[in-house]
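# Notes for the structure review
Below are the chains, spelled out letter by letter.
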Amino acid sequence: PRPLQRSHLQGHLPWPGPCHRRLSVDNAVVAADDGCDGGHAAVCTGAQAAVGRRLRPPRPRVPSPPLPPAPAPSPPRQAPPPHALSGRAARAKPARARQLNTHNPGADASLCGMAATGASGTNAVRYGAMRPNVLNLRVVLPDGRLLHTAGPGRHPRKRAAGYDLTSLFVGSEGTLGFLTQATLRLHPLPEASAVTIASFPSVGAAVACTVQVLQAAVPVARIEFLDEVMADACSRFSEMELPVAATLLLELHGSQRSLAEQQQQTEEIVHQNGGSSVAWAEGQEERERLWSMRHNAWYAALALRPGCQGYSTDVCVPISRLPDVVVETKQDLQASNITGPMVGHVGDGNFHCILVFNSQDPEEAQRIHAFTERLGRRALAAGGTCTGEHGVGLGKRALLQEELGPEGLDTLRSIKAALDPHNLMNPGKVL
Ligand SMILES: Cc1cc2nc3c(=O)[nH]c(=O)nc-3n(C[C@H](O)[C@H](O)[C@H](O)COP(=O)(O)OP(=O)(O)OC[C@H]3O[C@@H](n4cnc5c(N)ncnc54)[C@H](O)[C@@H]3O)c2cc1C
């Protein structure tokens, strides 16, 4: 059968009922590596979707270099074919188009992999990360029992019945059980969307603009930051003519009428921060062209140093501390002589550095390692977390300890020992 990817589902789920209903996708056993902070311990592969198709083919294992390996660049994602879903979902009459909460992590992430890492993406600022969007999980526990984290067949919009097992397994990084089915919340597609690109005189101005857009309660759907290195790389990679400047991509969703008001508010804030924006793109093709530039950021970064390795690290801080942390990180990158374009879901206080380095050079690998530790500690000092979406994996275990303190870590260890006393599941990861 044709491989079914998460992206194929997006926007192609006809759903006759009320807005927030469920979608179940089976995922019969665990995924392998990804190539960022969280994804380095392969387990095994082989996934099926409920509609009876492979979710994705097994990925080959990659030997570990000094830093966690990154995936080989794969071609940019294809637009999903309109007939991507078969079976009952595809035959149902569309009352109104709905979408999966449109996270867009690594190009070939699986749904249960996204739940396992607590993933998110550009839309999380409006629609939330994976955790609030997962209503139930079917999990194979280490002793072989089958657990439904919210009870079999249940998908209430909210619940207060006992400990929140769904949240426990979201972000557990394969250390507590195999996620084999996820029941997800769907969101209605907005009547209208508009995207703009704004350029700013400095990184600080772009991030300050983000903070003000949020403080003004503009219901922004995506607000993505690119520093000038990333903007230049993306511009060249995608053959667009963007200024070499700190850049924000902003997307607004709403009714036609509310959109006009949001656009005006956003433009005012952009201008107050010394930014200049291009005309709003409202047509689907135009919007997709802008976003595909952003989604190719990883490949654009790798193209800065052909033949080198990429390593993506992320942190997340309270929005109020974001401008300071981003500016300090930028200075650190420059002082450390590291090629590390910055890109971020800044609406959530989350940003990434894509570190491109020569893994054959131990001195450079060591510099990268020291930088990521400093970055993690900078986020912790600002009241944030060492990872907003990539997870702890192997590389951030020491930072997790600093983040939670001994009591927090002991509690995690107790949970792990209770569920997996023989340490079968991703041993050594997270803890
Ligand atoms: C270029 C690039 C961009 C990225 N951008 C983002 C981003 O914007 N947002 C984001 O959140 N992440 C991002 N990531 C990280 C990554 O794509 C996500 O963490 C994604 O959720 C991983 O899903 P996967 O299916 O590929 O899982 P894998 O990478 O294969 O596995 C990740 C971890 O989850 C475990 N796991 C996987 N499947 C299961 C399962 N069914 N049950 C139990 N454990 C499982 C694995 O054992 C492993 O520990 C990015 C990565 C790359 C390389």
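Small disclaimer: the values here were computed from a predicted structure and weren't measured.

### Some points on the overall build of the chain
Assigned secondary structure in the chain consists of 14 helices and 13 strands. Counting the 431 residues in the chain, one finds 52% classified as buried. Working note: accessible area of the chain is about 18800 Å², and carbon and sulfur atoms make up 53% of it.

### Focus: the pairing of strand 11 (residues 309–316)
Burial within strand 11 is extensive, with eight of its eight residues counted as buried. Pairing between strand 11 and strand 13 (residues 350–357): eight bridges, direction antiparallel. Paired with Ser312 across the two strands is Ile354, which belongs to strand 13.

### What about the confidence of the model for the chain?
Here the chain averages 80 in pLDDT, while 75% of its residues score no lower than 70. Predicted confidence is poor over residues 1–103, with pLDDT under 50, and the contacts of this stretch with residues over four places away or in other chains come to 249 contacts.

### Considering helix 13 (residues 362–381)
The end-to-end C-alpha distance of helix 13 is 28 Å, a good match for the 28 Å that 20 residues give at a rise of 1.5 Å each. Looking only at helix 13, the buried set comprises Glu364, Ala365, Ile368, Phe371, Thr372, Leu375, Gly376, Arg378, Ala379 and Leu380. Among the structural elements, strand 11, helix 12 (322–335), strand 13 and helix 14 (397–419) are those in contact with the buried residues of helix 13. Regarding helix 13, its N-cap is Asp361, as a side-chain oxygen of that residue lies 3.0 Å from the backbone nitrogen of Glu363 further along. Backbone geometry just downstream of helix 13 places Gly383 in the positive-phi region, at approximately 85 degrees.

### Quick word on the nonpolar core
By size, the foremost hydrophobic cluster in this structure holds 42 residues, and its most contacted members are Phe200, Phe225, Leu248, Val326, Phe351, Cys353 and Leu355. By size, the runner-up hydrophobic cluster in this structure holds 23 residues, among which are Ile197, Met230, Leu249 and Trp291.

### Looking at the pattern of salt bridges
Enumeration over the complete set of coordinates arrives at 14 salt bridges. Among the ionic pairs, Arg222 bridges to Glu251, the shortest N-O distance being 3.5 Å. Residue Arg222 is located in strand 8 (residues 220–226), and its partner Glu251 is located in strand 9 (residues 246–254); the two are separated by 29 residues in the primary sequence. Glu251 shares its class with Arg222; the two are buried. Salt bridges sharing common partners tie together Glu328, Asp332, Arg374 and Arg378.

### Structural notes on unusual backbone geometry
Of note, the phi angle at Glu173 is positive, near 55 degrees, even though the residue is not glycine. If you trace the backbone, Glu173 turns up in the loop between helix 6 (165–169) and strand 6 (178–188). Residue classification places Glu173 among the buried positions, given a relative accessible area of 7%. Phi is positive for Glu239, close to 50 degrees, though the residue is something other than glycine. Within the secondary structure, Glu239 sits in the loop between helix 8 (228–237) and strand 9. Among the residues examined, Glu239 registers a relative accessible area of 74% and is labelled exposed.

### Some details on the side chain of Thr122
Topologically, Thr122 is positioned in the loop between helix 3 (111–117) and helix 4 (124–127). Polar contacts involving the side chain of Thr122 include one to the side chain of Arg222, which spans 3.2 Å.

### Some details on the environment of Thr117
With respect to the helices and strands, the residue Thr117 is situated in helix 3. Counting along the chain gives 275 residues from Thr117 to Val392, while the straight-line C-alpha distance between them is 8.9 Å. Sequence-distant contacts of Thr117, defined by excluding residues within four places in its chain, comprise Gly171 and Glu389. Among the polar contacts made by the side chain of Thr117, one reaches the main-chain carbonyl oxygen of Met114 at a distance of 3.4 Å.

### Re a negative patch on the surface
Judged by side-chain charge, Glu282, Glu285, Glu286 and Glu288 come together as a negatively charged surface patch. Relative to the assigned elements, Glu288 resides in helix 10 (residues 284–295).

### Observations regarding the packing of aromatic side chains
Enumeration over the complete set of coordinates arrives at zero aromatic pairs. Taking the ring centre of Trp291 as reference, the NZ or CZ of Arg222 above it sits at 4.2 Å.

### Observations regarding helix 9 (residues 256–272)
End to end, helix 9 covers 25 Å across 17 residues, agreeing with the expected 24 Å (1.5 Å per residue, within 8%). Trailing helix 9 by a residue or two, Gly274 shows a phi angle of about 75 degrees, which is positive.

### A word on the packing of helix 13 against helix 14
The interhelical angle for the contact between helix 13 and helix 14, taken along N-to-C directions, is 10 degrees, at an axis separation of 10 Å. As the angle between them shows, helix 13 and helix 14 are arranged roughly parallel. The element helix 13 and its partner helix 14 pack so that their crossing is right-handed. Within the contact between the two elements, helix 13 uses Glu373, Gly376, Arg377 and Leu380 and helix 14 uses Leu399, Glu402 and Glu403. Of the residues assigned to the contact of helix 13 with helix 14, the class counts are two nonpolar, one polar and four charged.

About the thresholds
- Residues numbered from 1 in each chain as written.
- Predicted model: local features only at pLDDT ≥ 70, side-chain atom pairs only at ≥ 80, totals over all residues.
- Heavy atoms only, no water.
- Helix = DSSP H or I, 4+ residues; strand = E, 2+ residues; numbered from the N terminus.
- Buried < 20%, exposed > 50% of the residue type's maximum accessible area, 1.4 Å probe, protein only.
- Areas by Shrake-Rupley, 256 points an atom, 1.4 Å probe, with all protein chains shown as cover.
- Pairing = 2+ DSSP bridges.
- pLDDT = per-residue confidence, 0-100.
- Contact = heavy atoms within 4.5 Å.
- Expected span 1.5 Å × (residues − 1).
- Polar contact = N/O pair within 3.5 Å; in protein donor to acceptor, adjacent residues only side chain to side chain.
- Core = buried A, V, L, I, M, F, W, Y, C linked by side-chain atoms within 4.5 Å.
- Salt bridge = Lys/Arg side-chain N within 4 Å of Asp/Glu carboxyl O.
- Patch = residues over 30% accessible without salt bridge, like charges linked within 9 Å, V, L, I, M, F, W, Y side chains within 5 Å.
- Lys, Arg positive; Asp, Glu negative; His and termini not counted.
- Charge placed at Lys NZ, Arg CZ, Asp CG, Glu CD.
- Phe/Tyr/Trp six-rings, centres within 6.5 Å; stacked < 30°, edge-to-face > 60°.
- Lys NZ or Arg CZ within 6 Å of the ring centre and 35° of its normal.
- Axes fitted to C-alpha atoms, helices over the stretch in contact; angles between N-to-C directions.
- Parallel < 35°, antiparallel > 145°, perpendicular 65-115°, else oblique.
- Left-handed = near helix turned anticlockwise from the far one by under 90°.
- Nonpolar A, V, L, I, M, F, W, Y, C, P; charged D, E, K, R; others polar.

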